[in-house]
Amino acid sequence: MSKDMRLNRFEIRLSGLGGQGILTLGKIMGQALALDHGYFVTQTQSYGPEARGGASRSDLVISSSTISYPKTVSLDLLVALSQEACNKFFTNLKSGGALVVDTSMVAQTPTNIFLGLPFTEMARKVGLVQTTNIVTLGALTHFLPYMRAASVRKSLKSILPSKIIDINIKAFNAGFSAAKKEYPDAPEKWTFS
Amino acid sequence: MAAKTKKKKQVEIFALGNEAVVEGALLAGCDFYAGYPITPSTEIAEEMARRLPHLEEGVFIQMEDEIAGLGAVIGASLAGRKAMTATSGPGFSLMQEHIGYASITETPLVLVNVMRAGPSTGMPTSPAQGDVQQARWGTHGDHPIIVLSAGDVQECLEMTVTAFNFAEKYRTPVILLLDEITAHTREKITVPDPDDLYVCSRLLPSMPPEWYMPFEDNMRGVSPMPPLGSGYRYHVTGLTHDDHGYPTSKPKEVESFISRLFRKIDQFFYDIQIVDEIQCEDAETCIIAYGCVGRAAEMAVQMAREQGEKVGLLKLKTLFPFPRPIVEKMLRQCSFVLVPEMNMGQISREVKRVNNGQSKVGTINRIDGQTITPGEILKKILKG
């Protein structure tokens, strides 16, 4: 978990449905990695014209050197919060890349090798289903060895309005500890190019 | 424009392209925004609505439509404000008439057009570069105009400052073309210290009001511009006017007026035409790109260089007036010039126009709402 881990275009796709908070998730992750860790980060987004329910995705490219092409080419990490997103983007995952799914939304995974937690269920237990994205963020913070929980919390506090920060920190911790319990060795399994 | 040496007051932020435009505008002294929000430019209006009321003189108005939006901007600019608006394809079409009005009345303003896939409503959340020739020729009548573009978030900030500087310096509307990808990419950017930034403001008249001639010719072709209401009274009209601002149709006066409009831009080509040359010195193949495609091309150049191909990239930041001298140089130097763009060939036709058979010009045109990938460009280069 060294703090200056070198990355060469580590590509992440966060995908799901409109309204799940995918774009906010990307923004919080990106800000933590760019401003606190000092990586070069580009976060792009793609969404449909609907306010809720359409396909939504947010792509992050994280690198220790400057990034020319801001979009993703082949994914190191795919986060799917809906069955449709999982089916659609699984082929973009490079071999050896990791798949993270919300098991309460994705019934069928295209592979048996994946990291799964019921994010939506967990958010409901936290008390607010809208915190699904932050629960996911907590789990991702555990899965990604170069992301520090302290800086993500800092980023959370600077982006989210203060009246909902407490429940979100709770959601973040729930996701983080569940991932740690369920997949204690996940952070060591990465092969970085 | 980004400060290269260490400065105290510069700050790093993680921002959208659209938010960087707002940062740039505020740094350049913009204190008036009027417009009508439209995807994918909405964040500019949102951020302006948040920030402008905190300025001492800041005004944000959401108008009833884009026509009124640009109308209000022209009025504010005539009253001495640094004013801007932002829109996307459908709104840009509505604004065309007022662009002409701003052009003939020589009103400085900045218009940001975040291009989305068209025509008409098209695909509101998909990127395209289809408004390039519209930006140049959209309004009727023969007129000069400055069209700039930006490809990454830092450039969004820098080019917005440049756009305001050009508008004020040359008393002309300036159009900044972004695309959905650039506008909706978040990146870490450095907001420069305002003290280190070159900011240009319009020239005010030095003579007493009764001697003032609002459209008098001079060396630069740009006459001083007092704010309306400051004691200098003059007539503003969309009709072709004489030095005093009153309508005229005398051939001699019309001829000298219109040619001055062109001359004030033409004679400063060297100042206006901004390009980025990336590995161009020894290039045998050259890619000419702008906006988000420029970044894909940059990666393609890197990939091609790794394979031993001598490829360079000319990134256009000024689209019009077309940076002919530098493009001609690359056409002479290279045996193959590739112009990838997300339309059916709006800049490649300019490249072909200045080519005169010196080089082979290839194109990649993509109009499906998807971005051009580095792989696509590389493949085309290797095939030649």
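Calculation rules
- Each chain carries its own residue numbering, running from 1 in the written order of its sequence.
- Each chain is given a letter, starting from A, and each ligand a number, starting from 1, according to the order in which they appear as written.
- The predicted nature of this model means local features are confined to residues of pLDDT at least 70 and side-chain atom pairs, given and counted, to a pLDDT of 80 or more, with totals for whole chains, interfaces and linings taken over all residues.
- For helices the rule is a DSSP run of H or I covering at least 4 residues; for strands it is a run of E covering at least 2, with both sets numbered from the N terminus onward.
- C-alpha atoms define the radius of gyration, and 2.2 Å times the number of residues to the power 0.38 defines the globule rule.
- Each residue is classed by its C-beta neighbour count within 10 Å, where at least 20 other C-beta atoms makes it buried, 12 or fewer makes it exposed, and intermediate counts make it partly exposed; the C-beta atoms are placed from backbone geometry.
- With C-beta atoms placed from the backbone, a contact is any residue pair whose C-beta atoms sit within 7 Å.
- The span one expects for a helix is its residue count, reduced by one, times 1.5 Å.
- Segment limits for the domains were obtained from an automatic or database-derived domain assignment.
- Following DSSP output, two strands are said to pair if at least two bridges run between them.
- Lines are fitted to the C-alpha atoms to define the axes, a helix being fitted only along its stretch in contact, and any angle between axes, read from their N-to-C directions, falls within 0 to 180 degrees.
- Throughout this entry, Asp, Glu, Lys and Arg are counted as charged residues, while Ala, Val, Leu, Ile, Met, Phe, Trp, Tyr, Cys and Pro are counted as nonpolar. The remaining residues, Gly among them, count as polar.
- By definition, the crossover connecting two strands over a helix is right-handed if that path, from the first strand to the second, turns clockwise as seen with the strands pointing away from the viewer.
- Between 65 and 115 degrees an angle is taken as roughly perpendicular, under 35 as roughly parallel, over 145 as roughly antiparallel, and anywhere else as oblique.
- Here a crossing is called left-handed whenever its near helix is offset anticlockwise from the far helix by less than a right angle, and right-handed whenever the offset is clockwise.

(A) Quick peek at the overall build of chain A. Assigned secondary structure in chain A consists of 6 helices and 6 strands. For chain A, the succession of helices and strands along the chain, N to C, is β-α-β-β-β-α-β-β-α-α-α-α. Here the C-alpha radius of gyration of chain A, 15 Å, is about what a compact globule of 193 residues would show, namely 16 Å. Structurally, chain A occupies a C-alpha span of about 40 × 35 × 35 Å along its principal axes. The proportion of buried residues among the 193 residues of chain A is 49%. Long-range pairs, those at least 24 residues apart, make up 63% of the contacts in chain A between residues at least 6 apart in sequence.

(B) Just helix H4 (residues 132–143) of chain A, in detail. Residues and elements named next belong to chain A. With 12 residues, H4 should reach 16 Å at 1.5 Å per residue; the first-to-last C-alpha distance of 17 Å fits that figure. In terms of residue burial, H4 counts as a mostly covered element, since 12 of its 12 residues are buried. Residues of H4 that are buried include every one of Thr132, Asn133, Ile134, Val135, Thr136, Leu137, Gly138, Ala139, Leu140, Thr141, His142 and Phe143, and no others.

(C) Region of interest: the domain arrangement of chain B. Residue and element names in this part refer to chain B. Domains assigned within chain B are domain 1 (11–196) and domain 2 (277–383). For domain 1 versus domain 2, the separation of C-alpha centres amounts to 26 Å. Contacts between domain 1 and domain 2 engage 22 residues on the former and 19 residues on the latter. Elements that contribute at least two residues to the side of domain 1 that touches domain 2 include exactly strand S6 (123–127), helix H5 (132–137), strand S7 (146–149), strand S8 (173–179) and helix H7 (180–183). In terms of residue count, the dominant contributor to the side of domain 1 that touches domain 2 is S7 (4 residues).

(D) Main features of the sheet that holds strand S2 (residues 40–47) of chain A. Taken together, the 8 strands give an open sheet; going across it, the order is S6(A)-S5(A)-S4(A)-S1(A)-S3(A)-S2(A)-S9(B)-S1(B), and neighbouring strands pair in mixed fashion. Looking at strand neighbours, the two that pair on one side only are strand S6 (115–117) of chain A together with strand S1 (11–16) of chain B, the edges of this open sheet. Strand-to-strand, the axes of this sheet are offset by a mean angle of 20 degrees, without reference to chain direction. Relative to strand S4 (residues 75–80) of chain A, strand S1 (residues 10–17) of chain A runs parallel, the two sharing 4 bridges. Its bridge partner being in S4(A), A:Ile12 is matched across the sheet by A:Leu77.

(E) Expanded view of the interface of chain A and chain B. Each partner contributes to the interface: chain A provides 17 residues, whereas chain B provides 17 residues. Looking at the side of chain A that touches chain B, the elements that each hand over two or more residues are helix H1 (22–36) and S2 of chain A. Broken down by element, the side of chain A that touches chain B gets its largest block of residues, 6 residues, from S2(A). Looking at the side of chain A that touches chain B residue by residue, the classes come out as 7 nonpolar, 8 polar and 2 charged. Across 2 bridges, S2(A) lies against strand S9 (residues 186–191) of chain B in antiparallel orientation. Pairing of A:Thr42 across the sheet is with B:Glu187, part of S9(B).

(F) Seen up close, unusual backbone geometry. All names here are of chain B. Between Gly118 and the following residue, Pro119, the backbone shows a cis peptide bond with an omega angle of 0 degrees. With respect to the secondary-structure elements, Pro119 resides in the loop between strand S5 (109–117) and S6. Residues Phe320 and Pro321 are joined by a peptide bond in cis, for which omega reads 0 degrees. By secondary structure assignment, the location of Pro321 is in the loop between strand S13 (318–320) and helix H11 (324–333). Phi at Gln279 is positive, roughly 50 degrees, even though this residue is not glycine. The residue Gln279 is located in the loop between strand S10 (275–278) and strand S11 (285–289) in this model. Take Gln279: there are 16 C-beta atoms within 10 Å of it, and that puts it in the partly exposed class.

(G) Geometry of the pairing of S11(B). All names here are of chain B. By the criterion of burial, S11 is predominantly enclosed, with 5 of the 5 residues buried. Burial of the side chains of S11 extends over both faces: Thr285, Ile287 and Ala289 are buried on one face and Cys286 and Ile288 on the other. Pairing analysis gives 5 bridges linking S11 to strand S12 (residues 311–316), with the strands arranged parallel. In the sheet register, Cys286 faces S12, and the bridge partner there is Gly312. One crossover worth recording links S11 to the parallel S12 by way of helix H10 (residues 292–306), and it is right-handed. In terms of strand pairing, S11 meets strand S14 (residues 336–341) through 3 bridges, oriented parallel. Considered in S14, the bridge of Ile287 is made with Leu338.

(H) Just the packing of helix H3 (residues 119–126) of chain A against H4(A), in detail. All names here are of chain A. Taken N-terminus to C-terminus, the directions of H3 and H4 make an angle of 110 degrees; their axes are 8 Å apart at the nearest point. Our classification of the angle between H3 and H4 gives roughly perpendicular. Here H3 and H4 pass one another in a crossing that is right-handed. Facing H3, whose interface residues are Phe119, Thr120, Met122, Ala123 and Val126, H4 presents Thr132, Val135 and Thr136. When the residues that make up the contact of H3 with H4 are grouped by side-chain class, the tally is 5 nonpolar, 3 polar and no charged.

(I) Quick look at the sheet that holds S12(B). Residue and element names in this part refer to chain B. On the basis of which strands lie adjacent, the open sheet formed by 5 strands has the order S10-S12-S11-S14-S15 and mixed pairing. Each edge of the open sheet carries a strand with a single partner, namely S10 and strand S15 (360–365). Each neighbouring strand pair of the sheet contributes to a mean axis angle of 20 degrees, computed without reference to strand direction. Helix-sheet contacts for H11 involve S10, S11, S12 and S14, and the interaxial angle to S12 is about 165 degrees. Together, S11, S14 and S15 form the strand contacts of helix H12 (residues 348–355), whose direction differs from that of S15 by roughly 175 degrees.

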